[in-house]
Structures are given as C-alpha cells and as structure tokens.
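Given next are the chains, with one letter for each unit.
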Amino acid sequence: MKELMSCMKKYRTEAVLAPLFKLCEACMELLVPLVVAMIVDVGIAAGDVSYIVGRCLILVAFGVAGLAFALTAQFFAAKAAVGTSALLRQRLFDKLQSLSYTQIDDLGTATMITRMTSDVNQVQSGVNMTLRLLLRSPIVVFGATVMAFVVDWAAALVFVAVTPLLAAAVVGIMRATVPMYKKVQGKMDGVYLATHENLAGVRVIRAFCKEEDEKREFARRNAELRREQKLAGGIAALTNPITYALVSVASIALVWVGGYRVDTGVLLQGDVIALYSYLSIILVELVKFANLIFTASKAISCEKRIEAVLAKEGEPSVLAPERESAETGADAPAFAFEDVTFAYHGGGAPALHNITFSARRGETVGILGGTGSGKTTLISLLPRYYPASRGTVRLAGQDVNRIPAEELRARVAVVPQKAVLFKGTIRSNLLWGRGDASDEELLQAARIAQAEDVIAAKGGLDAEIAQEGKNLSGGQRQRLTIARALVRRPEVLILDDSSSALDYATDARLRKALSALDATVIVVSQRIASVRHADKIVVLDDGGMAGIGSHEELLASCEVYREIAASQEKEGTL
C-alpha cells in the first residue's frame, strides 16, 4: 500500500473532508427516527397539526442538509480517487518505460495492459468507496445501537444480539471471496492476452482462416473467467439473504419486545417505530460495509499487482564499472564483441556463444545466418537491449555496460525487423530520431533512405500517418524507419533485416547511399545479395560464428556460407 498512500498525499485534504462530510450526513440520518417518534407520540396522539408540520419541516431540513453533505463528500471522494488513480497510472507507465527488455519479456504485454487499465480502475473504485464508507458505516452502526439504548435499554438488547451475528456473516463471506477475486484477476489477464493477440495478428488469423479456432479459444478463456466470477459472485451474493434473514428474525424479536413494553406502558408506539428504523439503518449500513469490503479487497489485490511492477528496479543507466580495452580513442574499433555469450532469462541453452569480432569506423558489416541463428540477438547486445551473459561488448573501446543508456542509444541507431511507425505525421515520426532536426535534415535523411518519393507521394512532411503506419506499404514503412534512424546521426547504424520489403533496385540504391555515410553500418539479413558488398560478413549458425570475411573469402572457406549461396543462387535470389 506504500505506493497508493504516496499517491494520495497530494489529495490529503480531500481524503479527510470526504469522510467528515459523510459523518455529518450520518448524524442527520440518526436523528430522523427520533423526530418521527415525536411526530407519532406527540403530534398524532394529540392531533396537533402545527406540531406535525413543524417536525416535518425539520425532517425536510435534515434531508436537504444530508443531501448537501452527501454530495460534498462524494465530490471530495471522487476527486481524491480519480486523482490518486491518475498518479498511480502515471507512475506505472513511467515504470514500464524504464523496464529492461528482459523484464518486459517476463511480464508480458497483456499483463502490463491489465495493470494499466483494469487494476488501476479497481483501485480507483476501492479508494472512492473507502473514503465514503470506511468511517461512516461502523459509526452509523455504533450510533444506531447507542440511540436504541437511549430509546429503551431492553429493546436495545436485540441490537446487541444481532449485530455480532451480522458482522460474523459479513466477515466470513469476505474471507471466502477475497482469494477468489485474486483468481478472477489472473483469468482476466488471459482474456486480455487473447484479445491483444487477436488484434495484433488479425491479418494472419484471417489469412489462415483461423477465425473459428480463435473464437473457440477466446470462448474457453472467457468461460474460465466467467466461472471464477460466478463462483466469487455467488458466495458474495449470500451477503444480502443472510443479513436480511438475521435482521428479519431481529425485527420479529424487536416487535415482540416492543409490543410487550408498550402494553406495560414503558414505551410509546413512536419509540417502537424509532427502534425498528434504527434496526433497518444497521442492516443497510452492514450491507454497504460488506460491499465496501468486497470492493476494497479487490482493490487491495489489484494494488498489490501494481506494486509488484512498481517495485521492480528497472533498467539501470550503467551496469558495470569500466574495463579498459587495449585500444582506446581514435585507434579503437567502432565496436567489438569479445568472447560474448548470451542466454535469455529462462531460455535454457545460450542463444549466442563465444562471439568475437570487431569492425573499424566507417566499415559495413554484414550479419548473415538462417532463421534462429542469433542474428537479432547479436545486434541487440550492442545498444544493450540485453546485457551479455559473459564477455564484453564495446563501442569505440568503451564497455557498453559502462556507457549511460541514453548516451549509448543516441550513438547506436537500430532499425528493427518490424517497421514501427506511430500515429501522427511523417515529420513527427522522423523527429523521434532527433527532436531538434531541421526540415532539411529530415529530407536529407529521407533521400539517403530512398524515402523522398514516399514523402512527396503523401503530400510532404505534414502528411498523416495512421496508427502503426497502416496507410503505408511495407516498403514505405521500412524506408521511413531507416530515415528516422539516420536523423539521429549515429556512430553505428544497425539495419535488422529492415530492407526485406524493398525491391532489388531500391535495395541497391539504399546500400550505395549508406556506404557513403560517415558511420559504421551493420546489415542483418538472410539474403546474401544484401550483404555481399560489405567489408566483412559474419556468418552465424546455431548461435556460434561459422565464419567471418568478405564474400569471396567466405565462399572459399565457409561451408555454411557456400550452402546459403548455393540455395539462393538456385532460387535466383543471389
């Protein structure tokens, strides 16, 4: 609850005023039965119309005052709840932005979306209801019992007997349902995951005619969620019948005792009405309190899930102290891998092992290998998306674990396999590369990336880009993402199979333009045609280096390279 309390500090005034105004409303409610008793015992008994009208006006005043107090309390409670949840959601989003790739992989996208939406909403509801009822309900129950003793001690013993039974019933149901609501939230993660996967992969699903399979899978997950919700809701639903049954028994006892006391002249008829009203008030407040407990229990469960994410350390800016290279400064390679091994968290065997090679500044390096050979994993280590498990990755002689993350990723630009653009304009997307870039710099980067015609066809830099760039073709998206990376003016530019959607002529022009850059370029591809002109080519096979050299050298010395070349020559793609 530490994070929640921290977020509520800004709304301390509202958090205090909301329950105080609710207590004022409760006082109005507790006085009403006494005024009704006076109307019955004095006004109606004596036939005094003016007395009845006067007391009715008092009831109206109590009602208006109670309404004003209730609305004010609700305003402050809502302001505190909405404000607190907004701060909590912002902290959660900020934390998600700071997590490492490994932590994001472990959490999963669906889980993070659930935390940001459903869990935060549950916490908001819990805070709102707690501020309104946590003090009000117990005080009203206690106050109604005290007022019953004020009216008649003997009849009030019924309250003393039934109140603990009602409280026991509420607590028992609460203890049974709280663990169930935790399961419900877990099942909800599964439903969010299925929804996210379907929306993200809708084209693939339709291409393979898997709509019916996905409907069945979603129905299964939804049925599991419904089953858990029905079980928890069914037990929670016992609250009303059990409490009403107890109160009905208490009402019979109260009427019997009250009737006897009226016959003996100890009580008046209005007093019995007041006692019954107080018993009804206790029932209503206990039901409200039970609902508060259920809502608060779900909110606490969700808050713990949120706090588990907020408690994560996130990715540190610097991972390790500097370990100097033999070469530093101008003589140092642009980048170097020194006996690097890497294994994904929980992934079992290493995805890369014993990788050693380097590149000088201005060189173009090709990374070639089959599917699953570790190409993307390898280039993810240079900007330190994942830290090497063993060995050292260096940038210009510096251990990348020692370089602050922001500086490192400003010096190394990565164009990923999937071209990701954001809703906005071409200009706003290109400015992700460098926020202070001029229009001329943006257009220069577009020319190098062969994207100038894309910008012209769309109507200029202010042309709209749809969500995920869906109003562009695959090749257009790839060229714009390359341009975005070039705007950064990086020391090292990594193209992770990011020209796969380009035709051969455009790809050739792109390679020629990149070769003139004052930057080291890494081209990751499965096509030899994309890397054959590189200064050196690193061939990966099952996570290890199968060879390194130029195209001609590898044809002569690397069997894996020759096999790839032969297969692509046969297919006419070399």
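In this text the structure is predicted, and so the values were computed from the model without any measurement. In this numbering scheme, every chain counts its residues from 1 along its sequence in written order. Only residues with pLDDT of at least 70 get local features here, since the model is predicted, and only at 80 or more are side-chain atom pairs given and counted; chain-wide, interface and lining totals rely on the full set of residues. Just so you know, side-chain values use all the structure's heavy atoms and leave hydrogens and water out.

Chemist: How should I be thinking about the environment of Glu441 in this particular structure?
Modeler: Every helix listed is a DSSP run of H or I at least four residues long, and every strand listed is a run of E at least two residues long, numbered separately from the N terminus. With respect to the secondary-structure elements, Glu441 resides in helix H15 (residues 439–448). For every residue, the accessible area obtained with a 1.4 Å probe (protein chains only) is divided by the maximum for its type, and the residue is called buried under 20%, exposed over 50%, and partly exposed between those limits. You can call Glu441 partly exposed: its relative accessible area is 22%. Measuring from C-alpha to C-alpha, the distance between Glu441 and Val487 comes to 6.8 Å, with 46 residues separating the pair along the chain. In this structure Glu441 touches Arg434, Asp436 and Arg489, once residues within four positions along its chain are discounted. By definition, residues are in contact when any of their heavy atoms lie within 4.5 Å.

Chemist: So what exactly am I meant to see when it comes to the sheet that holds strand S1 (residues 335–342) here?
Modeler: Either a parallel or an antiparallel arrangement is found when strands of a sheet pair, and the pairing is made through backbone hydrogen bonds. Here the rule is simple: two strands pair whenever DSSP picks up at least two bridges between them. With antiparallel pairing, four strands are arranged side by side in an open sheet as S2-S1-S4-S5. The sheet terminates laterally at strand S2 (352–359) and strand S5 (398–399), the two strands that pair on one side only. The sheet contact formed by strand S4 (residues 390–395) and S5 spans two bridges and is antiparallel. Bridge pairing in S5 links Arg394 to Asp399.

Chemist: In this structure, what is going on with the packing of aromatic side chains? I would like to understand it.
Modeler: Aromatic rings considered in pairs are described by the distance between their centres and by the relative angle of their planes. We call Phe, Tyr and Trp rings a pair once their centres come within 6.5 Å, taking the six-membered ring for Trp, and we label the pair stacked below 30 degrees between planes, edge-to-face above 60, and tilted otherwise. Under the counting rule described, the total for this entry stands at 12 aromatic pairs. With a centroid separation of 5.4 Å and 85° between ring planes, the pair formed by Tyr101 and Tyr386 is classed as edge-to-face. Taken as a pair, Tyr101 in helix H4 (residues 101–107) and Tyr386 in the loop between helix H12 (375–381) and S4 lie far apart in primary sequence, 285 residues in all. Summarising the aromatic geometry, the rings of Phe335 and Phe337 are spaced 6.0 Å apart at their centres and angled 80° between planes, so their arrangement reads as edge-to-face.

Chemist: Explanation requested: the pairing of strand S11 (residues 536–541) in the structure shown.
Modeler: If a strand is regular, its side chains alternate between the two faces of the sheet. Across the six residues that make up S11, a large majority, five, are buried. Relative to strand S12 (residues 544–549), S11 is paired through five bridges, and the arrangement is antiparallel. Bridge pairing in S12 links Ile537 to Gly549. Here S11 hands over to S12 after two residues, with Asp542 in that stretch at a positive phi of 55°.

Chemist: Help me understand the sheet that holds S12, please; the structure alone is not making it clear to me.
Modeler: With respect to topology, six strands assemble into an open sheet ordered S6-S9-S10-S3-S11-S12, the strand pairing being mixed. In the strand order of this sheet, the two ends are held by strand S6 (412–415) and S12, each with one partner. When strand polarity is set aside, the average angle formed by the axes of neighbouring strands in this sheet is 15°. Fitting a line to C-alpha atoms yields each axis, with helices limited to the stretch in contact; the angle taken between N-to-C directions then spans 0 to 180 degrees. Each of S6 and strand S9 (492–496) is contacted by helix H17 (residues 474–487), which is oriented at about 175° to S6, the strand it contacts most.

Chemist: So what exactly am I meant to see when it comes to the nonpolar core here?
Modeler: Soluble globular proteins tend to bury their nonpolar side chains together. Only buried residues count toward a nonpolar core. Its members are Ala, Val, Leu, Ile, Met, Phe, Trp, Tyr and Cys residues joined through side-chain atoms within 4.5 Å. Counting 42 residues, the largest nonpolar core has Ile426, Leu480, Leu486, Leu493, Leu495, Ile537 and Tyr561 as the members making the most contacts within it. For this core, the leading source of residues is H17, giving six residues. Formed by 30 residues, the second largest nonpolar core is a distinct cluster that contains Leu30, Val151, Ala250 and Leu286.

Chemist: Got a minute to help me understand the pairing of S1 in this structure?
Modeler: For S1, a buried count of six out of eight residues is recorded, marking the element as mostly surrounded by other parts of the structure. Here S1 pairs with S2 via five bridges, running antiparallel. For Phe342, the partnering residue across the bridge sits in S2 and is Leu352. Relative to S4, S1 runs antiparallel, the two sharing five bridges. Paired with Glu338 across the bridge in S4 is Thr392.

Chemist: Looking at this structure, I do not really get H17. What am I missing?
Modeler: An α-helical segment advances 3.6 residues per turn. Residues three or four places apart therefore align on the same side. Multiplying one less than the number of residues by 1.5 Å gives the expected span of a helix. With 14 residues, H17 extends 20 Å between its outermost C-alpha atoms, agreeing within 8% with the 20 Å of an ideal straight helix rising 1.5 Å per residue. Among the 14 residues of H17, 13 are classified as buried, and the element is accordingly described as predominantly covered. With its phi angle positive at about 55°, Arg489 sits one or two positions after the end of H17.

Chemist: Looking at this model, I keep getting lost on helix H7 (residues 153–200). Mind explaining?
Modeler: The end-to-end C-alpha separation of H7 is 68 Å, in line with the 70 Å expected for 48 residues at 1.5 Å each. Largest kink in H7: about 30°, centred on Thr177, with the proline Pro179 one to four residues after it. Note that bend, as reported per residue, equals the angle between axes fitted to the 7 residues terminating at that residue and the 7 residues originating from it.

Chemist: Please explain unusual backbone geometry as it appears in this structure.
Modeler: For residues besides glycine, phi is generally negative; the peptide bonds are generally trans as well. If you check the backbone angles, Glu468 has positive phi at about 60° while not being a glycine. For Glu468, the position within the fold is in the loop between strand S8 (464–465) and H17. Although it is not a glycine, Arg489 adopts a positive phi angle of roughly 55°. Residue position: Arg489 is located in the loop between H17 and S9. Judged by relative accessible area, Arg489 falls into the exposed class, the value being 57%.

Chemist: Looking at this structure, how should I read the packing of helix H5 (residues 109–133) against H7?
Modeler: Think of two packed helices as two axes; the pair is described by the angle between the axes and how far apart they sit. It is the contact of H5 with H7, at a shortest axis distance of 9 Å, that shows an interaxial angle of 125°. When the axis of H5 is compared with that of H7, the two are oblique. Classified by chirality, the crossing of H7 by H5 is right-handed. On H7, the residues that touch Thr109, Ala110, Thr111, Ile113, Thr114, Arg115, Thr117, Ser118, Asp119 and Gln122 of H5 are Gln185, Met188, Asp189, Tyr192, Leu193 and His196. Just so you know the grouping, Ala, Val, Leu, Ile, Met, Phe, Trp, Tyr, Cys and Pro go in nonpolar, Asp, Glu, Lys and Arg go in charged, and all remaining residues, Gly too, go in polar. Considering only residue class, the contact of H5 with H7 consists of five nonpolar, eight polar and three charged. What sets the label is the angle itself: under 35 degrees gives roughly parallel, over 145 gives roughly antiparallel, 65 to 115 gives roughly perpendicular, and the rest give oblique. By convention, the crossing between two helices is left-handed when the near helix turns anticlockwise from the far helix through less than a right angle, and right-handed when the turn is clockwise.

Chemist: Please clarify how a nonpolar patch on the surface should be interpreted in this entry.
Modeler: Without a salt bridge and with relative accessible area above 30%, a residue can belong to a patch; like charges are then joined within 9 Å and nonpolar side chains (Val, Leu, Ile, Met, Phe, Trp, Tyr) within 5 Å. Note on areas: Shrake-Rupley, 1.4 Å probe, and residue coverage restricted to the protein chains presented here. Any carboxyl oxygen of Asp or Glu within 4 Å of a side-chain nitrogen of Lys or Arg constitutes a salt bridge here. Taken together, the side chains of Phe149, Trp153, Leu157 and Val160 present a nonpolar region at the surface, about 410 Å² in accessible area. When residues in the nonpolar patch are grouped by element, the largest group, three residues, is from H7. For Val160, a relative accessible area of 42% puts it in the partly exposed group.

Chemist: Honestly, a negative patch on the surface in this entry has me stumped. Any pointers?
Modeler: Among the surface-exposed residues, Asp541, Asp542, Glu559 and Glu563 lie close enough to one another that they form a single negatively charged patch. Overall, Asp541 belongs to the partly exposed group, its relative accessible area being 43%. Positive charges are assigned to Lys and Arg, negative charges to Asp and Glu, while His and the chain termini are left out of the count. For the purpose of locating charges, the reference atoms are NZ of Lys, CZ of Arg, CG of Asp and CD of Glu.

Chemist: Got a minute to help me understand the pattern of salt bridges in this structure?
Modeler: Side-chain pairs of opposite charge can arise where the charged atoms are in close proximity. Considering all chains together, one arrives at 32 salt bridges under this definition. Measuring nitrogen to oxygen at the nearest pair gives 2.9 Å for the salt bridge that ties Asp436 to Arg434. Across the pair Glu440 and Arg447 runs a salt bridge, and its minimum N-O distance is 2.9 Å. For Glu440, a relative accessible area of 49% gives the class partly exposed.

Chemist: Explanation requested: the side chain of Glu14 in the structure shown.
Modeler: Checked against the element boundaries, Glu14 lands in helix H2 (residues 12–46). When sequence neighbours within four positions are dropped, the list of residues in contact with Glu14 reads Pro19, Phe76, Lys79 and Ala80.

Chemist: I keep staring at the environment of Gly362 and nothing clicks. Help me out?
Modeler: Locating Gly362 in the fold gives a position in the loop between S2 and strand S3 (364–369). In this structure the C-alpha to C-alpha distance between Gly362 and Ala334, which are 28 residues apart in sequence, comes to 8.0 Å. Those residues within four positions of Gly362 in sequence are excluded, and the remaining contacts are Ala519, Thr520 and Asp535.

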